[in-house]
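Each chain is listed here by its residues.
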Protein chains: 2
Amino acid sequence: MQPFTNAITNLFGIQYPIIQAGMVWCSGWELAVAVSEAGGLGLIGAGSMQPEVLRLHIQRCKAATNKPFGVNVPLLYSKIDQTLAVLADEQVKIVFTSAGNPKTWTAWLQEQGMTVVHVVSSVKFAKKSEDAGVNAVVAEGFEAGGHNGREETTTFCLIPAVRDAVHIPLLAAGGIATGRALLAAMVLGADGGQIGSRFAASLESSAHQNFKDKIVQTEEGDTELVMKQLTPVRLIKNDFYRAVKTAELQGANPETLQELLGKGRSKKGMFEGDMVTGELEIGQVAMQIKEILPAGEIVKQIWQEFLACQKIFLQKV
Amino acid sequence: MQPFTNAITNLFGIQYPIIQAGMVWCSGWELAVAVSEAGGLGLIGAGSMQPEVLRLHIQRCKAATNKPFGVNVPLLYSKIDQTLAVLADEQVKIVFTSAGNPKTWTAWLQEQGMTVVHVVSSVKFAKKSEDAGVNAVVAEGFEAGGHNGREETTTFCLIPAVRDAVHIPLLAAGGIATGRALLAAMVLGADGGQIGSRFAASLESSAHQNFKDKIVQTEEGDTELVMKQLTPVRLIKNDFYRAVKTAELQGANPETLQELLGKGRSKKGMFEGDMVTGELEIGQVAMQIKEILPAGEIVKQIWQEFLACQKIFLQKV
């Protein structure tokens, strides 16, 4: 069989168009290495790392694999200058930026030799990212975990619209945990998928075991996008979520929500394992995740499912 | 070329797995006939019709086409007994039921010779519908127009989960306006698609011209699912929407929302053309609808796109 190649595998020099999302508290060097070694693209999530912690993770990645890997950086992070300096110092080759203006850093990052991908949740920002010169975009639907867009556009509506609006390679995010969903996202116009929740629940994820177990138990209707007055975030429904929801139904303003959130809430939940009062960010697709597997095994499964689904589907139509 | 057949085309005796959703104020006999004549399945939307008005629409349908057509009936409608009696009297062959318990009427409808399809927005109710003996289900995602589910599960997450849970034929709804989206929905596990918004904006739709024009103008972020405390509904953002939203952000209870809604609000908007204070129900996918075409032309376009997309996609992977 011919090896699979397309705009995304060519851009990153990887085997399968499967990107492991950079996630706070879940995606350290071990997860990134496992995914990259299996033929996908692993990303270190810098959002929950001090610059020198990030440096350590990058160095461990470089020591553990010769395959391409990248780093996800939320551009609104307070120590953004130091973080990006670490990336340049360590000669990171691929960076996924999010939560900020792609115009500010893209050219500089590319001058340092990096391929730059920006995460968006709307057609408008996909176009702005293309104008800013990024090498690819991730379009993330309403069903995605963590922080996402105010327009609430779902993967099904977002991907074709972004595909029609930009010419650069496009990754779909939100709702993808299986090969079938990856294939559907590519039919809608994506060149590959960025997958978060499924890898958050992998063996190599740095999330607390309680959180991984919780993901596997998550069923239909167990997540909701809340805090739209502050920064929208999709959470598993626990006591913290209920406090937020109650406040929102009573007409809470952003300040009240900020106070409820406090500091370190996501670390408490996802990294320290407090399932009751911690912030638990996950995608709707958690309802389809039934077991905790090695990340490399997940990559292989997704790709096998992709090929099998393609075959079945072709027989059907 | 072999004619296309699958579980849905066989169930209804139609040419393409394209179902035109029964919609309040949009889908009278003219729309249903145009879709059925083109090889899809047209549905009369009984939700906005008195029983005797519905009878007239059914009679006109029977006079105008020998092709299969159906009727969508919201089961919570106050004159449900009379409405269903009209269906039986007029020997309607296909009924899509929604908004109610499928156990109450399915067996009786089938005894009258009808194929029964129930509309759901969750895996849980898909299973209940299968248990109630329906012949197929429509699974409707968060992005769909009009009233939909409290779990907010998107088409991308809902379809694979329902596919895994039930064995009866499955139609996807929410986010489908093109052949590419229909193909993606079928890759996710559906046997066909139910399409609303695109047909609401067709020549034969009975909606007011103002509403059709409004759909074509709708862009990303112009719709939102609101009134979750009452009955969730996706609306185009106008003055009525803003009044609802303001009330919700101030912590309005269901009674306040009911008062705001009042009576005849959807007729005022969609049928009488009041774009400012009327209720305008539409799907997120309206952002992709760019012109008002004859419904038969829409069916043909969708199917051609479906085949073309399949071909392109196969060359790509």
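Quick caveat: nothing in here was measured; it's all calculated off a predicted structure. Think of each chain on its own: its residues are numbered from 1, step by step along the sequence as written. Labels are handed out in written order, letters beginning with A for the chains and numbers beginning with 1 for the ligands. With the structure being a predicted model, the display of local features is reserved for residues of pLDDT at least 70 and the display and counting of side-chain atom pairs for 80 or more, all residues being used for whole-chain, interface and lining totals.

An account of the overall build of chain A is requested, with residue identities and associated values reported.
Here a helix means four or more residues in a row that DSSP labels H or I, a strand means two or more in a row labelled E, and each is numbered from the N terminus. Helices and strands together make up the secondary structure of chain A, namely 14 helices and eleven strands. Compactness check: chain A gives a C-alpha radius of gyration of 18 Å against a globular reference of 20 Å for 317 residues, within 12% of the reference. Taken over the C-alpha atoms alone, chain A extends approximately 55 × 50 × 35 Å along its principal axes. A residue is called partly exposed when the number of other C-beta atoms within 10 Å of its own lies between 12 and 20, exposed at 12 or fewer, and buried at 20 or more, with C-beta atoms placed from the backbone. Here chain A, with 317 residues, has 58% of them falling under the buried criterion. For chain A, the proportion of contacts with a sequence separation of at least 24, taken over those separated by at least 6, is 64%. Atoms considered for the radius of gyration are the C-alpha atoms alone. The globule rule reads 2.2 Å times the number of residues to the power 0.38. By the convention adopted here, residues make contact when the C-beta atoms placed from their backbones lie within 7 Å.

Can you break down the interface of chain B and chain A residue by residue, with the values?
By a widely used convention, the size of an interface equals the accessible area lost when the partners come together. Between chain B and chain A, the contact holds 39 residues from the first and 41 residues from the second. Elements supplying a minimum of two residues to the side of chain B that touches chain A: α6 (123-131), α7 (155-165), α8 (179-187) and α14 (295-316) of chain B.

Which residues make up the sheet that holds strand β3 (residues 69-74) of chain B, and what values go with them?
All names here are of chain B. Two strands make a pair as long as DSSP finds a minimum of two bridges between them. Overall, parallel pairing links the eight strands, which are arranged β1-β9-β8-β6-β5-β4-β3-β2 in an open sheet. At either margin of the open sheet sits one strand with a lone partner, and together these are β1 (18-20) and β2 (42-45). Between one strand and the next, the sheet's axes are offset by a mean angle of 25°, whatever the strand orientation. The sheet contact formed by β1 and strand β9 (residues 192-195) spans three bridges and is parallel. Paired with Ile19 across the bridge in β9 is Gln194. Together, β1, β2 and β3 form the strand contacts of helix α2 (residues 29-37), whose direction differs from that of β2 by roughly 170°. Throughout, an axis means a line fitted to C-alpha atoms (over the contacting stretch in the case of helices), and angles, computed between N-to-C directions, take values from 0 to 180 degrees. Relative to strand β5 (residues 115-120), α6 is tilted by about 165°, and along the sheet it contacts β5 and β6 (136-140).

I'd love a proper account of the confidence of the model for chain A, names of residues and values included.
pLDDT gives the predictor's per-residue confidence on a scale running from 0 to 100. For chain A, per-residue confidence averages 96 on the pLDDT scale, and 98% of positions sit at 70 or higher. Confidence metrics for the complex model read pTM 0.97 and ipTM 0.96.

Can you lay out the packing of helix α11 (residues 239-249) of chain B against helix α12 (residues 254-261) of chain B for me, pointing to particular residues and giving the numbers?
Residue and element names in this part refer to chain B. Contact geometry of α11 with α12 gives a least axis separation of 10 Å together with a crossing angle of 165°. Here α11 lies roughly antiparallel to α12, going by the angle between them. Where α11 crosses over α12, the handedness of that crossing is right-handed. For the pair formed by α11 and α12, the contact residues are Ala243, Val244 and Ala247 on the first element and Thr256, Leu257 and Leu260 on the second. Each residue gets one label: Ala, Val, Leu, Ile, Met, Phe, Trp, Tyr, Cys and Pro are nonpolar, Asp, Glu, Lys and Arg are charged, and the others, such as Gly, are polar. Grouping the amino acids of the contact of α11 with α12 by side-chain chemistry returns five nonpolar, one polar and no charged. In what follows, roughly perpendicular refers to angles from 65 to 115 degrees, roughly parallel to angles under 35, roughly antiparallel to angles over 145, and oblique to any angle outside these ranges. Two helices that cross are described as forming a left-handed crossing if the nearer one is turned anticlockwise from the farther one by less than a right angle, and a right-handed crossing if clockwise.

Hey, could you go over the environment of Leu293 of chain B for me, with residue numbers and the actual values?
Residues and elements named next belong to chain B. Relative to the elements of secondary structure, Leu293 occurs in the loop between α13 (265-271) and α14. Residue Leu293 is classed as partly exposed on the basis of its 18 C-beta neighbours within 10 Å. When the C-alpha positions of Leu293 and Phe199 are compared, they lie 8.7 Å apart, and in sequence the two are 94 residues distant. Setting aside residues no more than four positions away along its own chain, Leu293 makes contact with Ser202, Leu203 and Ile298.

Could you give an account of unusual backbone geometry, with specific residues and numbers?
With phi around 65°, Trp25 of chain A is a residue other than glycine that occupies positive phi space. Among the structural elements, Trp25 of chain A can be located in the loop between β1 (18-20) and α2 (29-37).

Can you tell me about the pairing of strand β10 (residues 223-226) of chain B, naming the residues and giving the values?
Residues and elements named next belong to chain B. What you see with β10 is a clean split: Thr223 and Leu225 sit on the buried side and Glu224 and Val226 on the side with no burial. Both β10 and strand β11 (residues 233-236) contribute to a ladder of four bridges, which runs antiparallel. Considered in β11, the bridge of Val226 is made with Val233. Between the end of β10 and the start of β11, which pair antiparallel, lie six residues, with Met227 showing a positive phi angle near 55°.

Go over the domain arrangement of chain A with me, naming the residues and quoting the values.
Residue and element names in this part refer to chain A. The domain architecture assigned to chain A consists of domain 1 (8-206 + 287-316) and domain 2 (218-285). Each partner contributes residues to the interface: domain 1 has 22 residues there, and domain 2 has 18 residues. At the level of elements, β7 (146-147) and α9 (197-200) are the ones that each hand at least two residues to the side of domain 1 that touches domain 2. Among the residues forming the side of domain 1 that touches domain 2, the class breakdown is nine nonpolar, eleven polar and two charged. Domain delimitation in this document rests on an assignment produced automatically or drawn from a domain database.

Go over the relation of the copies chain B and chain A with me, naming the residues and quoting the values.
The copies were overlaid by least squares, fitting only the C-alpha atoms of residues that reach a pLDDT of 70 or more in each copy. Note on the identical chains: chain B maps onto chain A by a rotation of 180° and an axial translation of 0.0 Å, with an RMSD of 0.0 Å. A rotation of that kind, with that shift, is consistent with a two-fold axis.

Give a detailed account of the pairing of β3 of chain B, specifying residues and quantitative values.
Residues and elements named next belong to chain B. For β3, a buried count of six out of six residues is recorded, marking the element as mostly surrounded by other parts of the structure. The alternating pattern of β3 places Phe69, Val71 and Val73 on one face and Gly70, Asn72 and Pro74 on the opposite face, and all of these are buried. When β2 meets β3, the two strands line up parallel, connected through four bridges. Considered in β3, the bridge of Gly45 is made with Asn72.

Would you mind going over the sheet that holds strand β5 (residues 115-120) of chain A in detail, with residue names and values included?
Strand pairing within a sheet occurs via backbone hydrogen bonds; the two strands may be parallel or antiparallel. All names here are of chain A. The strand order β1-β9-β8-β6-β5-β4-β3-β2 describes an open sheet built from eight strands, whose pairing is parallel. Every interior strand has two partners, whereas the edge strands, β1 and β2 (42-45), have only one. Going across the sheet, the axis of each strand differs from the next one's by a mean of 25°, ignoring polarity. With four bridges connecting them, β5 and strand β6 (residues 136-140) associate as parallel partners. Counterpart to Val120 in the pairing with β6 is Ala139. Along the sheet face, α2 touches β1, β2 and β3 (69-74) and points at about 170° away from the line of β2.

Summarise helix α6 (residues 123-131) of chain A; cite the residues concerned and give the values.
Residues and elements named next belong to chain A. For α6, every residue scored as buried is listed here: Val123, Phe125, Ala126, Ser129 and Glu130. Buried residues along α6 cover an arc of 165° about the axis, so they all sit on one side. For α6, the secondary structure elements touched by its buried residues are α5 (102-111), β5, β6 and α7 (155-165). Positive phi appears at Gly133, one or two residues downstream of α6, with a value of about 90°. In this description, the arc belongs to the directions extending from the helix axis to the C-beta atoms.

Any chance you could break down α7 of chain A for me, citing the residues and the numbers?
Burial analysis of α7 of chain A places eight of its eleven residues in the buried class, which makes it a mostly covered element. Taken together, the buried positions of α7 of chain A are Thr155, Phe156, Cys157, Leu158, Ile159, Pro160, Ala161 and Val162 of chain A. If you follow the buried residues of α7 of chain A, they end up packed against α6, β6, β8 (170-173) and α8 (179-187) of chain A together with α7 and α8 of chain B.

Please set out the environment of Gly22 of chain B residue by residue, giving values where relevant.
All names here are of chain B. By the secondary structure assignment, Gly22 is in the loop between β1 and α2. On the neighbour-count criterion, Gly22 (27 C-beta atoms within 10 Å) is buried. Taking C-alpha positions, Gly22 is 23 Å from Glu305, a pair spaced 283 residues apart along the chain. Here Gly22 is in contact with Ser27, Leu43, Ile44, Gly45, Ala46, Val71, Asn72 and Phe96, once residues within four sequence places are set aside.

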